[in-house]
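The chain contents come next:
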Amino acid sequence: MRVLLAGATGAIGRQLLPLLLSAGHTVVGTSRSTSGMAAIRAAGADAVRLDVFDRDATFQALADARPDVVIHQLTALGERRFDENARIRREGTRNLVDAAVKAGTGQIVAQSISWVYGPGAAPATEDEPLDASREGLVGPARALEEAAASMERHVVLRYGLLYGPGTWYSPGGWAEGELRAGRMAAGAAVSSFVHVMDAARAALLALDWPEGVVNVVDDEPAAAWEWVPALAAALDLPAPPLTVGRQGWERGASNAKARALGWRPAHPSWRTGFPALTR
């Protein structure tokens, strides 16, 4: 297929681009920078400069590319610009979807997050409602998902916390700084992780999945008092003291649906994935 990869130089995009090319797809990757466009071309894909907040430019880019499918991996999370990231989810996704529909594109695969569900005791499944009480976080994710669902065919990937190259949870990343500063809590809050390469593989497979929402997380949701010391050990740092407390929504997510669709993570647990970070 002809694929427009929006966010081709992001943490997932960098891993996904060669997978798409190896699978025989023709790829047009987007970037806002000259250096990003050069990296896309060096990988063997076509590149287009795109600021998804510029609605007219987005329509022109999609009209020129005329992709069969858009893969939306745009975020501002690498720089921890949360307001801009929320704007990407709301405004940027709307522009991208409207431009794709106008260009005759029938399919989208879009990045969302798996910690959007309401309170519960067990890991969340895709048929559960989103948490309306956390509008600041969940509202932009809902807007992204609703925009994606307006296309003829859509798959929304609700990723767990990403770790590995280019993410917060990597050597030299945000988490290492928080551990060094003693600001990372090791309490009862449960999270689900996914290695960035496994996240990219899910996006590739999603091109052939039935439409809907899929949690893309590893096999083992875990409380922070389990995974934080493991991450600290992998980074050769002392573990922080244990704390208590958990919000009802801090419950992790189930990957049963993704596995039923054929996704098999190379890193099925952070327990083995974290130690591999520095190898």
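Because the structure is predicted, anything quoted here is derived from the model rather than measured. (Residues numbered from 1 in each chain as written. Predicted model: local features only at pLDDT ≥ 70, side-chain atom pairs only at ≥ 80, totals over all residues. Heavy atoms only, no water.)

What follows is about the overall build of the protein chain. A count of helices and strands for the protein chain gives 10 helices and 11 strands. A compact globule built from 279 residues would reach a C-alpha radius of gyration of about 19 Å, and the protein chain, at 18 Å, matches this within 12%. Summarising its shape, the C-alpha atoms of the protein chain cover approximately 55 × 40 × 35 Å along the three principal directions. Counting only contacts in the protein chain whose residues sit at least 6 apart along the sequence, the fraction spanning at least 24 positions is 77%. Of the side chains in the protein chain, 28 bear a positive and 30 a negative charge, and the two mean positions are spaced by 2 Å. (Helix = DSSP H or I, 4+ residues; strand = E, 2+ residues; numbered from the N terminus. Rg over C-alpha atoms; globule rule 2.2 N^0.38 Å. Contact = heavy atoms within 4.5 Å. Lys, Arg positive; Asp, Glu negative; His and termini not counted. Charge placed at Lys NZ, Arg CZ, Asp CG, Glu CD.)

Our focus in this paragraph is the pattern of salt bridges. Applying the stated criterion across every chain, the model contains 17 salt bridges. Each of Arg32, Glu79, Arg81 and Glu84 takes part in salt bridges that share partners, so that together they form one network. (Salt bridge = Lys/Arg side-chain N within 4 Å of Asp/Glu carboxyl O.)

Further remarks concern the UniProt feature "domain: NAD-dependent epimerase/dehydratase" (unreviewed entry) in the protein chain. Here, the residues flagged by UniProt with the feature "domain: NAD-dependent epimerase/dehydratase" (unreviewed entry) are residues 3–212. Each end of residues 3–212 is marked by a C-alpha atom, and these two atoms are 19 Å apart; helix forms 41% of the span and strand 20%. (UniProt positions renumbered as here; feature names shortened; annotations may be inferred.)

Following the sequence through the fold, Ser114 ends up in the loop between β5 (107–113) and α5 (135–149). Overall, the relative accessible area of 5% leaves Ser114 in the buried class. Excluding its chain neighbours within four sequence positions, the residues that come into contact with Ser114 are Arg158, Tyr159, Gly160, Asn215, Val217 and Ala253. (Buried < 20%, exposed > 50% of the residue type's maximum accessible area, 1.4 Å probe, protein only.)

Another aspect to go through is helix α2 (residues 34–43). Residues three or four positions apart in an α-helix share a direction because the helix packs 3.6 residues into each turn. Those residues of α2 not exposed but buried are Gly36, Met37 and Ile40. Each buried residue of α2 sits inside an arc of 100° when the element is viewed along its axis, so together they form one side. Looking at α2, the residues exposed on the side facing more than 90 degrees away from the buried face are Thr34, Ser35 and Ala42. The elements touched by buried residues of α2 are α1 (11–22), β2 (26–31) and β3 (46–49). Of the residues flanking the end of α2, it is Gly44, one or two places downstream, whose phi is positive at about 110°. (Arc of directions from axis to C-beta.)

On to the sheet that holds strand β1 (residues 2–6), then. Paired through backbone hydrogen bonds, the strands of a sheet run either parallel or antiparallel to each other. In spatial order, the strands read β3-β2-β1-β4-β5-β6-β10; together these 7 strands make up an open sheet with parallel pairing. The sheet terminates laterally at β3 and β10 (212–216), the two strands that pair on one side only. Taken over all neighbouring pairs, the strand axes of this sheet differ in orientation by 20° on average, direction set aside. Looking at chain direction, β2 and β3 are connected through 4 bridges and run parallel. (Pairing = 2+ DSSP bridges. Axes fitted to C-alpha atoms, helices over the stretch in contact; angles between N-to-C directions.)

Right, let's talk about the packing of aromatic side chains for a bit. Under the counting rule described, the total for this entry stands at 10 aromatic pairs. On the basis of an interplanar angle of 55° and a centroid distance of 5.3 Å, the ring pair of Trp168 and Trp174 is categorised as tilted. Judged by centre distance (4.8 Å) and plane angle (75°), the rings of Phe193 and Trp227 are edge-to-face. Placement of Phe193 in strand β9 (residues 193–195) and of Trp227 in helix α8 (residues 224–234) is noted, with a sequence separation of 34 residues between them. Here Phe193 and Trp227 have matching classes, each one buried. Taken together, the ring pairs in this structure connect Phe82, Tyr163, Trp168, Tyr169, Trp174, Phe193, Trp227, Trp270 and Phe274 into an aromatic cluster. The aromatic ring of Phe53 is capped on one face by Arg87, whose charged end is 3.8 Å from the ring centroid. (Phe/Tyr/Trp six-rings, centres within 6.5 Å; stacked < 30°, edge-to-face > 60°. Lys NZ or Arg CZ within 6 Å of the ring centre and 35° of its normal.)

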